[in-house]
Amino acid sequence: MGLSIAQRKALAIVPKVTGVLSMTGSGLIIYDILPNRKKRKKTYFRIMCAMSIFDFVTSFMYALSTWPIPAESGVLYASGTEGTCIFQGFFIQLSLAAPLYNLSLAIYYLLFITYQWKERELKKLERFLHPAIMVIAFGIAIAGLPLRLYNNSNVWCWIAPDAADPNRGDNANFYRFALFYVELWIIIITVTILMSAVVLTIVRTEMKSAKYSMRKLSLSRQVFIQSVSYVSIFYLSWTFPTTLRILQTIGTPVPYAIFLCAVIFTPLQGFFNSLVYLKKEGFPFLMPSLDRLARTTVLKRTVEKGESQHGTSSMGGDDGEQKAEVEGFENA
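None of these values were measured; they are calculated from a predicted model.

1. Structural notes on empty space enclosed by the protein
Enumeration over the complete set of coordinates arrives at 4 cavities of 30 Å³ or more. Of the pockets and cavities examined, the second largest cavity occupies roughly 50 Å³. Of all the secondary-structure elements, those providing two or more residues to the lining of the second largest cavity are helix 3 (43-64), helix 5 (97-114) and helix 6 (119-143). The greatest single-element share of the lining of the second largest cavity, amounting to 4 residues, is contributed by helix 6. Counted by class, the lining of the second largest cavity contains 6 nonpolar, 2 polar and 1 charged residues.

2. Observations regarding the state of the cysteines
Under the criterion given, the structure shown has 1 disulfide. Across the disulfide, cysteine 85 is cross-linked to cysteine 157 (sulfur-sulfur distance 2.0 Å). Across the disulfide from cysteine 85 to cysteine 157, rotation about the S-S bond amounts to roughly -110°, and the bridge is consequently left-handed. Taken together, the residues cysteine 85 in helix 4 (residues 82-93) and cysteine 157 in strand 2 (residues 157-159) connect sequence positions 72 residues apart. By the burial criterion, cysteine 85 is buried, and cysteine 157 matches it.

3. Some thoughts on a positive patch on the surface
On the surface, Arg37, Arg40, Lys41 and Lys123 cluster together into a patch of positive charge. As for its placement among the helices and strands, arginine 40 is situated in helix 2 (residues 37-40). Classification of arginine 40 as partly exposed rests on a relative accessible area of 34%.

4. Details of the environment of tyrosine 77
With respect to the helices and strands, the residue tyrosine 77 is situated in the loop between helix 3 and helix 4. Setting aside residues no more than four positions away along its own chain, tyrosine 77 makes contact with Lys9, Ala12, Ile13, Thr66 and Trp67.

5. Quick notes on the nonpolar core
As a rule of thumb, nonpolar side chains are buried together in soluble globular proteins. Judged by nonpolar contacts, the single largest core of 69 residues is most densely connected at Tyr44, Met48, Tyr101, Ile159, Val191 and Tyr277. Beyond its immediate chain neighbours, meaning those up to four positions away, methionine 48 contacts Ile29, Ile33, Leu105 and Tyr277.

6. Notes on the packing of aromatic side chains
In total, this model carries 19 aromatic pairs according to the counting rule given. Centre to centre, the rings of tryptophan 158 and tyrosine 181 are 5.9 Å apart; their planes meet at 85°, and the pair counts as edge-to-face. Here tryptophan 158 is found in strand 2, whereas its partner tyrosine 181 is found in helix 7 (residues 172-207), with 23 residues between them in sequence. This pair shows no difference in class: tryptophan 158 is buried, exactly as tyrosine 181 is.

7. Let's talk about the pattern of salt bridges
Enumeration according to the criterion identifies 5 salt bridges in this entry. The shortest N-O distance in the salt bridge between aspartate 32 and lysine 39 comes to 2.5 Å. As far as burial versus exposure is concerned, aspartate 32 and lysine 39 are alike and both buried. Its salt-bridge partner being arginine 148, residue aspartate 165 comes within 3.6 Å of it at the nearest N-O pair.

Scoring rules and cut-offs
- Residues numbered from 1 in each chain as written.
- Predicted model: local features only at pLDDT ≥ 70, side-chain atom pairs only at ≥ 80, totals over all residues.
- Heavy atoms only, no water.
- 1 Å grid on protein atoms, 1.4 Å probe; cavity = no way out; pocket = protein on both sides within 12 Å on 5 of 7 lines; lining within 4 Å.
- Points joined across faces, edges and corners; volume = space filled by probe spheres on them.
- Helix = DSSP H or I, 4+ residues; strand = E, 2+ residues; numbered from the N terminus.
- Nonpolar A, V, L, I, M, F, W, Y, C, P; charged D, E, K, R; others polar.
- Disulfide = S-S within 2.5 Å.
- Buried < 20%, exposed > 50% of the residue type's maximum accessible area, 1.4 Å probe, protein only.
- Patch = residues over 30% accessible without salt bridge, like charges linked within 9 Å, V, L, I, M, F, W, Y side chains within 5 Å.
- Areas by Shrake-Rupley, 256 points an atom, 1.4 Å probe, with all protein chains shown as cover.
- Salt bridge = Lys/Arg side-chain N within 4 Å of Asp/Glu carboxyl O.
- Lys, Arg positive; Asp, Glu negative; His and termini not counted.
- Charge placed at Lys NZ, Arg CZ, Asp CG, Glu CD.
- Contact = heavy atoms within 4.5 Å.
- Core = buried A, V, L, I, M, F, W, Y, C linked by side-chain atoms within 4.5 Å.
- Phe/Tyr/Trp six-rings, centres within 6.5 Å; stacked < 30°, edge-to-face > 60°.

Below, the structure is given as C-alpha cells:
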C-alpha cells in the first residue's frame, strides 16, 4: 500500500510520543518502588518493578522509531546501520518479558485472593518466577540473532525480511508468530482466565456479606469492572499489531488506520501500567485500586473465617497472621 508523505511522517513520529509517555509511566513506577525498602520486600511490588524495567527499555526502543533503520533503506528519518537495527530489533523482541510479568501478576492475585497464600509462600514461588521469565524472554530474543531475523520493519526494526539481502529474515512471517504472537496470546488468554477466577471469588465473598451487598456500587462490581479493564489493556495494546500481522501473512492489504493504531497503542504498555499502579496517587478518577479492593476481599474472607471459628471478630494463630499480612501489604 502506497502511503503519502504525511502518513509516513505520522507512522515515524507517533511512536516517539507514545514511547516517551510509556517511559515516563514506567519510570514513575520504578521511582516509587526502588527507593522504598518496605515495598521492595513485597512480592507484588517486585513484580511491578521488574515489569516496569522491561517496559522502560522497550518503550525507549519504540521511541527511537525509524532512526536505527539503515539509512540506505529509504525509510523516512532512517539514519542507522545494520548493527543499530539488530540492536533495536533484539530489545523489541525482548518486550515479551513484560506480558510474562503481567501473567505473573495475575497469578499473584489468584494465589493471594482465591487461595489466600501468605507472603512467605509467595516469595518461595517468586524465586523461580524471575529466572523463568529471563530464560524465556532472553532465550527467544537471542534465538533471533543467528537466524538473522532483526531487520527493517518499516516503523522500527524487528522480525522482518530484508529486501536487500535474501539471506536475512528468511521465513519472517512464520517466526513473527512462532517467537512472539503465539506466546503473547497464550499469555492474554491465561490472564483472562485467571482474573475471571479472581472475580468469581470476590463475587462469592460479596454474596455472603449482607453489609457490603447493600452498597449502591458493591465491591464485587467494582473489582469486576477493574478486572475487565486490566485484561482489556492487553487486548488494546496488541489487537492492532496482531491484526496487522495476520493481514500481512494472508496477503491482504492493511488499511492505514490499522498501521496507525498499531504504532499508537503498542508502545503504550508502560503508560497503561502506570494508570493501574498510580491510581491511588494521581489517577483515582481513571482507575480505582484493584489491589486495594483485592486486599479488602481477602481481609473480609479472613474475618468471616475467624468469626465462624471463634464466634468473634478477633483472630489468632494463622488467621491473625493472614490479617497482619493483609494490613501490612495495604499500608505499604
